[in-house]
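Survey of secondary and tertiary structure
Take a look at the letters that make up each chain.
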Amino acid sequence: MKSTIEYIERVSNGSVDIKKETEEVLSNLDSLNDKYHYLGAISTGLARELSNNVSIKPKGRLAGVYVSVKDCIAVKGVETRSSSRILSGYKPVFNATVINKIISEGAIIIGKTTQDEFGFGSFSTNTGIGIKQPVNPFDIQRAAGGSSGGSAGMAQVADFPHISLGESTGGSIASPASFCGVVGLTPTYGLVSRYGLLDYANSMDKIGPIGKTVEDCALMLSIIAGHDEKDSTSYNPANSKEKSDDGSKNIDYTKNIDRPISGMKIGIVKESLGEGVDESIKNKVNECASDLKAQGAIIEEISLAVPSEYALPSYYIIAVCEASTNLAKYCGMRYGKHESLKGNFNEYFTKVRSKHFGQEAKRRIILGTFARMAGFRDAYYLKALKVRTVIINEYKKAFKNVDALLTPTMPVLPPRFDEIKNLSVLQNYMMDVLTVGPNLAGLPHINIPYGMIDGLPVGVMLSGDHFCEEKLLNVAFNIEKNAP
Amino acid sequence: MFESEIVIGLEVHAELDTNTKLFCSCPREGNDKRNSRVCPICLGHPGSKPVMNKKVLDYGLRFGLAIGCNIAKSLVFSRKSYFYPDMAKNYQITQFEIPLCSNGIIKLSSGKKIKINRAHIEEDPAALTHPAGINDSAYVLVDYNRSGNPLIEIVTEPDMTSPNEARDFMKELIKILNYLEIFDTDSCIIKADANISIRESGYKRVEVKNITGFKEIERALMYEVERQKQAVSEGAEILMETRSWDAAKGITCSLRLKESEEDYGYITDPDLVPIDVSDELIETIKKNMPELHHAKLDKYKKNISEEDAKVISSNHKLAAIYDEVCEEIDPVFAGRWIRRELMRVMNYNKIEFEDLKIKPSHLIDLFKLIIEGSITDSVGQKIMEKLVEEPFDVNEYVNSNSLKTISDNSELKKICKQVINENPQAAEELKAGNTKSLNFMVGQVMRITKGKADAKKLVEIFKSIF
């Protein structure tokens, strides 16, 4: 298949009948969805409108590219429910900033991808009540990973130029990208605006691209990155004490992607190749390290003891504390699922929330509310915040010596649904052990597919220092080009 | 524990006079059509995010610095979680651990100092309408126009010992807010929650919520003191509870018992980054700080009576008019005329300072004419009455209506003689030395001249005739 950038060129010079092609893409989505359940909503009307716009004015850096959007990102007029039944029927009255950006660059939005309800999961098995779970594109008995499972699966099976917008809080881009055999990039916290993102844990939520290639992800990042005054946590280079390379707002992340990496220092995180990680996956990481070495990179083993041990518990405490406040607004009063008005307000919202939140959402609301209560707040929430600072500092120290960190993405191959059912809650949470560190620290990281084991894809993960996406994509591109 | 019979502490919420809401660009006031001033942010729609209105920080600092507070190094917001139908997000964005301002003092008119524990910034919830009253409605209606309006919450120590003192505190507070130009009496809501306890109950604390304005606070607290005293005398126990003030009925009624402190599960709001309160910002605010009423009073007292000074300094708009007039007019003269004449006409016509259309320049023109003797006091008073109704060019008005004082003595003498001829009996009495008759005769001349004669001069003329 030709690259997406070549396709965009063909659209731009008018040699693609985009309206006809869009009809073709749309006509296949239903049957695709019947098999894989990647789309919670198909936005036929919006896709036609956008393709019509592109046919009139075939311009833009994403001209004619089909984009699927994780269900937690608001698309005006298209049902947006974070795969939760409590938001059934909710059609936002505004677009997320990233949606406005991709539309203005000629993207054609085809639908909303399924996920763990509000992002609460690592396999996309925690979809809301009545919403089908996305399945692994290589084996439909197995999980697609999560929580951006629909996005990663869609990126794998799309036989048309397609990039998905995913979202990661604790590993929700890397995990499904690894299980589905695609590239998933989680940018630095604050690089991409969160305006219009339905919150899971606001201090860690990051929107990022999932696509077939590193270049596709770099292209998408070039468009969605940048300061947004509607998001107070959005990074503004103008306010930064550190000087940015060229001071320009818009970096083209595809530009220097293929530069050679000889001389770069790559750290292999010792703890990530320890107990609990499949041997076959460790072998792939070592294979990847050898290739990088062959390309002239310097490989160094480093230890990240504190993140390896404490990232997971502090991540979960912060995440559930924030999530439990974010989910309070869903009470059946202004949007989403309503019930007949009986009883007082407390009885009413209790009924709505009891009936329409899934089990994992309820679990995280209860955990988060508990960890915020007076008496526990200091021991859990405030302590977790302090641990996060320690972890960030340890990563910062590491990045003084190395350019990027190499680890496996997931400790296991995509498990079967019946295996997942037998996992305890803690074993479930342990699936994030390799991805939570960079997520908690707000570091950019990327999953790169690295061959197959037993017919299932394996991914390696590269993490970089804050706002060093260019370097990260550069190394990732060089891994991808030699990947088995 | 306490020394006084009654112990009162207040939590006052004052709306800040900004153009837009605290976290979105919806107008703070204006269109009163229900749910018309709203957007995804103040409605708490999924995915919307708050962005801080920087003006609110300036206003908060102005208040904190004016009452001598310690100022926090940065402005940090927290989420206060509780479920209530007036809450768009079921949490309120407020401040918790580190309030913007802490440890200030507000001085009452009696000189007593009330300690301010803290003052912080927060968003107002929506407004609830109970169609059949708070206790009897089957449903409530929600109006989000108010949702997200900026509030400053001011928390006092329990330093007040009577409902009257609480009223005085509210009055002083409103004065300060007005003088700082961060509060507009017309468009901004001010509400107080009062904690009140009495010796007889062993100081069991009762909270009375939602008292609007300084007159109401005295009423509500007087009622509550009496209620508690009566309950104790009847052998009932005072419960730790929250009560609401029903202004229409003039009573408080129980909302809920306070068995334990409510747990709001505060976390730092992760959608908002801490905002630096730099020394430079504080210096700028200090430099542009308006003079407060205490300072004005001290200044005025040097020239005019304390009584007049108090009246003029009690309203920031009146004080501003006075200050400007004094740049050109003798402060004693201006003080007397503003305090006596302007206020007399305003009271008579029931005009509030907020509606006053008269400009300092009008008063300056008028006062100049009176001082130089071009018009008499009595003409001046009449012009003042007209000016307050609808301002006009004073000099032009005086000329076109020939209101200048009659300075020609022979002209005045002629009119005096005419009055004597027309009132022979009064003239006889005057001759006999009756002062009442003298006043009557002067009045008659004034009537004929439409007040344009100098009364003193007339007295001299009448005396010379007889």
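By convention here, each chain's residues receive numbers from 1 onward along its written sequence. The order in which chains are written sets their letters, starting at A; the order in which ligands are written sets their numbers, starting at 1. Only residues with pLDDT of at least 70 are given local features in this predicted model, and only at 80 or more are side-chain atom pairs given and counted; all residues enter the totals for whole chains, interfaces and linings. Side-chain metrics in this entry use all non-hydrogen atoms of the structure; hydrogen atoms and water are not considered.

**Regarding the overall build of chain B**
- Numbering goes from the N terminus for both helices and strands, where a helix is a DSSP run of H or I of at least four residues and a strand is a run of E of at least two. Counting its regular elements, chain B contains 15 helices and 16 strands.
- Relative to its length of 466 residues, chain B is extended, with a C-alpha radius of gyration of 29 Å against a globular reference of 23 Å.
- Its C-alpha atoms give chain B principal-axis dimensions of about 90 × 55 × 45 Å.
- With a 1.4 Å probe rolled over the protein chains alone, any residue whose accessible area is under 20% of its type maximum counts as buried; one over 50% counts as exposed, and the rest are partly exposed. When burial is assessed residue by residue, chain B has 52% of its 466 residues classed as buried.
- Whether two residues are in contact is decided by their heavy atoms: any pair within 4.5 Å suffices. Once local pairs closer than 6 in sequence are excluded, the contacts in chain B between residues at least 24 apart make up 68%.
- As presented, chain B carries roughly 22,200 Å² of accessible surface, and 48% of it is formed by carbon and sulfur atoms.
- A residue counts as positive if it is Lys or Arg and as negative if it is Asp or Glu; His and the chain ends are not included. Charge positions are represented by NZ for Lys, CZ for Arg, CG for Asp and CD for Glu. A distance of 4 Å separates the average location of the 65 positive side-chain charges in chain B from that of its 74 negative side-chain charges. The size measure is the radius of gyration over C-alpha atoms, and the globule rule it meets is 2.2 Å times the number of residues to the 0.38 power. Residue-level accessible areas treat just the shown protein chains as cover; the underlying method is Shrake-Rupley with a 1.4 Å probe.

**Quick notes on the interface of chain B and chain A**
- Contact with chain B, which involves 35 residues of that partner, is made by 38 residues of chain A.
- Buried area is calculated as the accessible area (1.4 Å probe) missing from two parts once they are joined, with the contributions of both summed. Counting the surface lost from both chain B and chain A, the interface buries some 2,800 Å², and carbon and sulfur atoms represent 57% of this.
- Together, Pro46, Lys49 and Phe83 of chain B form the three largest contributors to the area buried by chain B at its contact with chain A, with a combined 23%.
- Salt bridges are counted wherever a side-chain nitrogen of Lys or Arg sits within 4 Å of a carboxyl oxygen of Asp or Glu. On the surface where chain B and chain A come into contact, there are three salt bridges.
- Each polar contact in these results corresponds to two N or O atoms within 3.5 Å; when the atoms are within protein, one needs to be able to donate a hydrogen and the other to accept it, and residues that are neighboring in sequence are counted only if both atoms are side-chain atoms. Connecting chain B to chain A are 21 residue pairs in polar contact (both at pLDDT 80 or more).
- Elements that contribute at least two residues to the side of chain B that touches chain A include exactly strand 4 (78–81) and strand 15 (267–268) of chain B.
- Under the convention adopted here, Pro, Cys and the residues Ala, Val, Leu, Ile, Met, Phe, Trp and Tyr are nonpolar, Asp, Glu, Lys and Arg are charged, and Gly plus all remaining residues are polar. Among the residues making up the side of chain B that touches chain A, the classes are represented as 21 nonpolar, eight polar and six charged.

**Details of the nonpolar core**
- Core analysis: the biggest nonpolar cluster contains 134 residues, and Ile73, Ile99, Ile102, Leu165, Leu406, Leu462 and Ile479 of chain A have the highest contact counts within it.
- The leading source of residues in this core is helix 7 (residues 214–224) of chain A, at eight residues.
- Leave out the neighbours within four places in its chain, and Ile99 of chain A touches Val69, Ile73, Ala74, Val75, Ile109 and Leu165 of chain A.
- Counting residues in hydrophobic clusters, the runner-up holds 101 residues, among them Ile154, Met170, Phe183 and Leu403 of chain B. Nonpolar cores are built from buried Ala, Val, Leu, Ile, Met, Phe, Trp, Tyr and Cys residues. Side-chain atoms within 4.5 Å join them into one set.

**Re the pattern of salt bridges**
- This model, assessed by the stated rule, comprises 55 salt bridges over all chains.
- For the salt bridge of Glu419 of chain A with Arg416 of chain A, the shortest nitrogen-to-oxygen distance reads 3.6 Å.
- Judged by its relative accessible area of 34%, Glu419 of chain A is partly exposed.
- Overall, Arg416 of chain A belongs to the partly exposed group, its relative accessible area being 31%.
- Among the salt bridges present, the one from Lys209 of chain B reaches Asp193 of chain B, with a minimum N-O distance of 3.5 Å. With Lys209 of chain B in strand 12 (residues 206–212) and Asp193 of chain B in strand 11 (residues 190–198), this pair connects stretches of sequence that are 16 residues apart.
- Judged by its relative accessible area of 24%, Lys209 of chain B is partly exposed.

**Here we look at the sheet that holds strand 3 (residues 108–113) of chain A**
Residues and elements named next belong to chain A.
- DSSP calls a pair of strands paired once it identifies at least 2 bridges connecting them. If you walk across this open sheet you meet the 11 strands as 1-3-2-6-8-7-12-13-11-9-10, and the pairing is mixed. Two strands in the sheet have a free side with no partner beyond their single neighbour: strand 1 (39–42) and strand 10 (298–302). Neighbour-to-neighbour, the strand axes of the sheet open up by a mean angle of 30 degrees, direction not taken into account.
- Both strand 9 (residues 265–269) and strand 11 (residues 404–408) contribute to a ladder of three bridges, which runs parallel. Of the residues in strand 11, the one forming a bridge with Ile266 is Ala404.
- In the packing of helix 12 (residues 378–401) onto the sheet, contacts are made with strand 9, strand 10, strand 11 and strand 13 (456–463), and the angle to strand 11 comes to roughly 115 degrees. Note on definitions: angles span 0 to 180 degrees between N-to-C directions of axes, and those axes are lines fitted to C-alpha atoms, for helices only across the stretch in contact.

**Some points on the pairing of strand 10 of chain A**
Residue and element names in this part refer to chain A.
- Bridge count between strand 9 and strand 10: five bridges; the pairing is parallel. Within the sheet, the bridge partner assigned to Gly267 lies in strand 10 and is Glu300.
- The handedness rule is simple: strands pointing away from the viewer, and a clockwise path from the first strand over the helix to the second, make the crossover right-handed. Handedness of the strand 9-helix 8 (residues 279–294)-strand 10 crossover: right-handed.

**Observations concerning the sheet that holds strand 12 of chain B**
Residue and element names in this part refer to chain B.
- Strand order in the open sheet formed by nine strands is 2-6-7-10-1-11-12-13-14, and the pairing between neighbours is mixed. Whereas interior strands pair on both sides, the edge strands pair on one side only; in this sheet they are strand 2 (70–71) and strand 14 (251–257).
- Across five bridges, the pairing between strand 1 (residues 6–15) and strand 10 (residues 150–156) is antiparallel. Each residue of the ladder has a partner; that of Val12, found in strand 10, is Ile154.
- With respect to the sheet, helix 1 (residues 54–66) is in contact with strand 2, strand 6 (101–107), strand 7 (113–123) and strand 10, its orientation differing from that of strand 10 by roughly 20 degrees.

**A look at the domain arrangement of chain B**
Residue and element names in this part refer to chain B.
- Those domain boundaries reflect an automatic or database domain assignment. The domain architecture assigned to chain B consists of domain 1 (6–280), domain 2 (291–400) and domain 3 (409–465).
- Relative to domain 2, the C-alpha centre of domain 1 lies at a distance of 36 Å.
- In this assembly, 10 residues from domain 1 lie in contact with 12 residues from domain 2.
- Contact with domain 2 buries area across many residues of domain 1, yet Lys175, Asn178 and Tyr179 alone supply 56% of it, more than any other trio.
- Across the domain 1-domain 2 interface, the total number found is zero salt bridges.
- Taken together, the links from domain 1 to domain 2 amount to two residue pairs in polar contact (both at pLDDT 80 or more).
- Broken down by element, the residue count for the side of domain 1 that touches domain 2 peaks at five residues, all from helix 2 (residues 163–179).

**A look at helix 13 (residues 424–431) of chain B**
Residue and element names in this part refer to chain B.
- When we look at burial in helix 13, the residues that qualify are Ala426, Ala427 and Leu430. The buried residues of helix 13 occupy one face: seen down the axis, they fall within an arc of 105 degrees. In helix 13, those exposed residues whose orientation departs by more than 90 degrees from the buried face are Pro424, Gln425 and Lys431.
- Residues of helix 13 that are buried sit in contact with helix 12 (409–422), helix 14 (435–449) and helix 15 (455–465).
- Phi for Gly433, located one or two positions after helix 13, is positive at around 95 degrees. This arc corresponds to the set of directions leading from the helix axis out to the C-beta atoms.

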